[in-house]
Amino acid sequence: MLLEEKLEEKLEVILSIEPHVSQFITDKMQAPETSWQPSDFLPDFSDPNFPDAVIALQKGIANVPDTVLVSLIGNMITEEALPSYQTFFNLLEGVNEDRNVSSKSAWVKWSRLWTAEENRHGDLLNKYLYLSGRVDMKSVEKSIQRLIYNGINLKTDADPYQGIVYTSFQERATKISHVNTGKLAHKSGDTVLGKICSTIAGEEALHERAYKFFMSKILEVDPNGGISAFLAMMKKKIVMPASLMDFGTTNNFYTSYATITQKIGVYTSYDYASIIDHLVKYWGIDSMLGLNDEGKKAQDFLSTLSDKYYRLAERMQEPEETQLIWLNT
Ligand SMILES: [Fe+2]
Ligand SMILES: [Fe+2]
């Protein structure tokens, strides 16, 4: 729980930012009727040429390496744990004071629009991978159920500031991951999968933009509180949302998935450093003025933090052994 007096202040700040959230929704978010849907990218069962379309899909994905496929499946499983993300966001202090999922409040509306868009990512990847014939669907489905069963622990407490720092970071991380997967798919001859990944990445980019914008408003209104929350999240480190997928089982799938994404360059420790670098620059942390002692300490720490992570990334050994999971043998 947050300290009582800080909580009061944060609730006021979150409330004061609502008009900006509303504006972002009006300006940038599409209605379901005009946005793309998974079926736009998939063979149509009602089409007499459906079998040929599936054969073409399977030919397209045939040369995508197993490691890229495992990484993509891990990304899909992460997307499919969507109920946890909407729950997480609505539990942040100040977001859903009405305790009502259909609330008209801009924050709650944002949480719905964000996750409604995200829902299509898991849908599309799941169906595409199913049709590929290369995936052990039952094993994947167990991982999805297990991940939702276990939930997420993003270490933000119920602090809306930390929650928004987390989502700014994570949406950018997811964008990078989908962009890189798309490039690898394209290189291996699957142009449809390449297009799917870049389309999804485009939405992650929009969500990243939203969260970074919301956080910049927090930093404007409450610079000391905002920078302290950024510092707190960086010290705790950003945990990937799928990290609990094995808890309660004897599997080691998460480690295999994370090792493979690092090895094939889909999401690496270098990316982790680059995201910190980007956020520090984007929020103008170096040039923030009028900070109290705690805020200045946070500023000093954050200003050089990406350098530390870049050095760590350089020293990191390439993982040699990788274990292929979730695939048909
Ligand atoms: Fe997504
Ligand atoms: Fe996302």
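Here, the structure is the one placed above.
Per chain, residues are indexed from 1 in the order of the written sequence. Labels follow written order: the first chain is A, the first ligand is 1, and so on. Thresholds applied to this predicted model are a pLDDT of at least 70 for local features of residues and 80 or more for the giving and counting of side-chain atom pairs; totals over whole chains, interfaces and linings are not thresholded and use all residues. Neither water nor hydrogens contribute to the side-chain values; these are computed over all heavy atoms in the structure.

Caption draft 1: Focus on the coordination of the iron ion (ligand 1). Donor atoms are limited to N, O and S found within 2.8 Å of the metal ion, a distance that becomes 3.2 Å for Na, K and Ca. With water left out, some sites might look partial. At this site the iron ion (ligand 1) is bound by Glu79 (OE), Glu79 (OE), Glu118 (OE), His121 (ND1) and Glu204 (OE), with donor distances of 1.9 to 2.3 Å. All donors of the iron ion (ligand 1) come from a single chain, and their spacing in sequence reads E-x38-E-x2-H-x82-E. The metal-metal distance between the iron ion (ligand 1) and the iron ion (ligand 2) comes to 3.5 Å, with Glu118 coordinating both. With Glu79 in helix α4 (residues 66-80) and Glu204 in helix α9 (residues 191-221), the pair connects residues that are 125 residues apart, well separated along the chain. Relative accessibility under 20% of the residue-type maximum defines a buried residue, over 50% an exposed one, and the middle range a partly exposed one, all with a 1.4 Å probe and only protein chains included. For Glu204, a relative accessible area of 1% gives the class buried. We count a stretch as a helix when DSSP gives it H or I for four or more residues in a row; a strand needs E for two or more, and each element gets its number in order from the N terminus.

Caption draft 2: Fine view of a positive patch on the surface. A patch consists of residues exposed above 30% relative accessible area that lack any salt bridge, with like charges linked at up to 9 Å and nonpolar side chains (Val, Leu, Ile, Met, Phe, Trp, Tyr) linked at up to 5 Å. In these tables, accessible area is a Shrake-Rupley quantity obtained with a 1.4 Å probe, and a residue counts as shielded only by the protein chains included in the view. Here, a salt bridge means any side-chain nitrogen of Lys or Arg that lies within 4 Å of a carboxyl oxygen of Asp or Glu. The convention is simple: Lys and Arg are positive, Asp and Glu are negative, and His and the chain ends are not counted. Think of each charge as sitting on NZ of Lys, CZ of Arg, CG of Asp or CD of Glu. Together, Lys235, Lys308, Arg311 and Arg315 make up a positively charged patch on the protein surface. The greatest single-element share of the positive patch, amounting to three residues, is contributed by helix α14 (residues 305-315). Positionally, Lys235 belongs in helix α10 (residues 223-236). Judged by its relative accessible area of 52%, Lys235 falls in the exposed class.

Caption draft 3: Focus on the environment of Cys197. Locating Cys197 in the fold gives a position in helix α9. Put simply, Cys197 and Asn180 are 17 residues apart on the chain and 8.5 Å apart in space, counted from C-alpha to C-alpha. Cys197 has contacts with Leu72, His178, Thr181 and Gly182, leaving out every residue within four places of it along the chain. Here a residue-residue contact requires only that any non-hydrogen atoms of the pair lie within 4.5 Å.

Caption draft 4: Representation of the packing of aromatic side chains in the model. Centres within 6.5 Å are what make two rings of Phe, Tyr or Trp a pair, Trp counting through its six-membered ring; a difference in plane orientation under 30 degrees is then read as stacked, over 60 as edge-to-face, and the rest as tilted. The tally for this structure, following the rule as stated, stands at 22 aromatic pairs. When the centroid spacing of 6.1 Å and the interplanar angle of 50° are considered together, the rings of Phe213 and Phe214 count as tilted. An aromatic cluster of at least three residues, connected via ring pairs, comprises Phe24, Phe89, Trp107, Trp110, Trp114, Tyr211, Phe213 and Phe214. Two conditions define a charge located above a ring, namely a distance within 6 Å from the ring centre to NZ of Lys or CZ of Arg, and an angle within 35 degrees of the ring normal. When the ring centre of Phe301 is taken as reference, the NZ or CZ atom of Lys308 above it lies at 4.6 Å.

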